[in-house]
Amino acid sequence: MPEGIQEGMLTSASRTLSASSLRNRLSKLNVTPINPIVALQTNIDFVPSRIPMKRRMQMLAVAGWSVMIVITTVVFLLLCSIPPLWPILAIYLFWVRCLDDGPERGGRMSPWFRSLSFWKYFADYYPASFLKEADLPADRPYVFGYHPHGIIGMGALATFATEATGFSKAFPGIKPHLLTLTTNFNMPFYRDILLALGVCSVSKQSCSNILKAGPGSAITIVVGGAAESLSARPGTADLTLRKRLGFIKVAIQHGADLVPVFSFGENDVSPQICPNQRSKLMSLQIYEQMPNEKGTTIYALQRKFQSVFGFTLPLFHGRGLLNFGNPIHVEKCEKPNIEQVHRVQELYIEELTRIWNTYKDEFAKARLKELNIID
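To keep things clear, this report deals only with the structure shown in the data block. Position numbers for residues start from 1 in each chain and track the written sequence from start to end. Local features in this predicted model are restricted to residues whose pLDDT is 70 or higher, and side-chain atom pairs enter the listing and the counts only when it is 80 or higher, whereas totals over whole chains, interfaces and linings include all residues. Based on all heavy atoms of the structure, the side-chain values leave hydrogens and waters out of the count.

**Points about helix α3 (residues 53–66)**
Helix and strand assignments come from DSSP, with helices taken as H or I runs of at least 4 residues and strands as E runs of at least 2, each series counted from the N terminus. Take the residue count of a helix, subtract one, and multiply by 1.5 Å to get its expected span. Here α3 contains 14 residues, and its C-alpha end-to-end distance of 20 Å stays within 8% of the 20 Å for a straight helix at 1.5 Å per residue. Restricting attention to buried positions, one finds in α3 the residues Arg55, Gln58, Met59, Ala61, Val62, Gly64 and Trp65. Using a 1.4 Å probe on the protein chains alone, a residue whose accessible area is under 20% of its type maximum counts as buried, one over 50% counts as exposed, and one in between counts as partly exposed.

Here it is, written out as structure tokens:
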């Protein structure tokens, strides 16, 4: 055997010595025992594995609508990847951008689409319902003011954009149009869903066109808008209202009665569902605002986002009753002065406050503070 190989070989004694030495050294180390991994302590809640199918469908409906913009965008992009469809998609986009004035003209409301079972499941998740205090004659137009905005305003959607809560049966002859930002109608396919629900642009021209359509025409404006959504926290009712005079002026110009609507529970978190150790199904929570008090980084980022895009990007994770107040009769005046507007606004705030004081002990038992008009 060559000499180099002989020098590199270990004898049996040296191997034994090395193993013994290694064991001795390892025994002197302080080793922390490794415990088996236990269930992770996270903020994710779980639901029982035997949850009723109806409840599963409700959760699926809410989750589906919450990501509907994403779904429709993905579908559009997938269709764009199919070359034979390009001419059709090009015509569709040209029609959307240049020809279709549906968002400004009352939409293309479909009673069939508004009555789909999907919306019933959607509303029953919270559950959303409303309390009617007075009849609304269908011989005049109406402006509904919705408060508070909440994170996304799910109660407004369920009540005014669908028949899930029975709006048309409660107020026969009234044709409601929930209003939203014009930018939402720039999103392919998603815009067509909104139009089928009767949702329209919140622009001044859109409001005027709808209210001029005749008796029974109605618009619903979520008055607090993006700014109010940043104040949406459980147990609170902070309203951005004092400086919102536009909807009051529109009502006066068209002689439309004002109807304040307060949504109890819009800002509140849903009850926690107890974990089931045998289940691995995540529960759905719609919604709870993350901490974003004024002065925090999150609040600053959200305000910046609002200034650029016109709406906020709430950060949320975590449920509702709408109360229709008595209508405030408004005399038509095409050019109201500021005193007239403020006078009607005071009547509106007075009625909204009455709703809160009348029903807060029944529907806002867990409130942390009273109704507060912050701006």
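**Looking at the side chain of Thr159**
Among the structural elements, Thr159 can be located in helix α8 (residues 154–160). Thr159 sits in the buried class, given a relative accessible area of 0%. Of the polar contacts made by the side chain of Thr159, one reaches the backbone oxygen of Gly155; its length is 3.0 Å. Here, two residues are considered to be in contact whenever any of their heavy atoms come within 4.5 Å of each other. Beyond its immediate stretch of four places on either side in the chain, Thr159 contacts Phe130, Thr165, Phe167, Leu322 and Phe324. Here a polar contact is taken to be a pair of N or O atoms separated by no more than 3.5 Å, where protein atoms must pair a possible hydrogen donor with a possible acceptor and residues adjacent in sequence count only if both atoms sit in side chains.

**A closer look at the sheet that holds strand β8 (residues 257–263)**
Sheet strands associate in pairs through backbone hydrogen bonding, adopting either a parallel or an antiparallel arrangement. Only strands joined by at least two bridges in the DSSP assignment are considered to pair. Read across the sheet, 7 strands follow the order β2-β12-β8-β3-β6-β4-β5 without closing on themselves; strand pairing throughout is mixed. This sheet does not close on itself; its edge strands, each paired only once, are β2 (130–132) and β5 (200–201). In this fold helix α11 (residues 204–211) packs onto β3 (142–147), β4 (175–180), β5 and β6 (217–222), with an angle of close to 150 degrees to the strand it touches most, β6. Sheet strands touched by helix α13 (residues 246–254): β3, β6 and β8. Its angle to β8, the strand with the most contacts, is close to 145 degrees. Between the N-to-C directions of two axes lies an angle of 0 to 180 degrees, each axis being a line fitted to C-alpha atoms and, for a helix, fitted only over the stretch in contact.

**Quick word on the environment of Ile349**
You can see Ile349 is positioned in helix α15 (residues 338–363). Given the relative accessible area of 8%, Ile349 is considered buried. Along the backbone, Ile349 and Ile373 are 24 residues apart, and their C-alpha atoms lie at a distance of 9.3 Å. Non-local contacts of Ile349, meaning those with residues more than four positions away in its chain, are made with Leu241, Arg242 and Ile373.

**Section: the nonpolar core**
By convention a nonpolar core is built from buried Ala, Val, Leu, Ile, Met, Phe, Trp, Tyr and Cys residues, the set being connected through side-chain atoms within 4.5 Å. Residues Trp65, Phe122, Phe144, Phe160, Leu197 and Phe324 are the most contacted members of the largest nonpolar core, which totals 44 residues. If we ignore the near neighbours within four places in the chain, the residues touching Trp65 are Phe118, Trp119, Phe122, Met154, Leu157, Tyr190, Ile193, Leu194 and Leu197.

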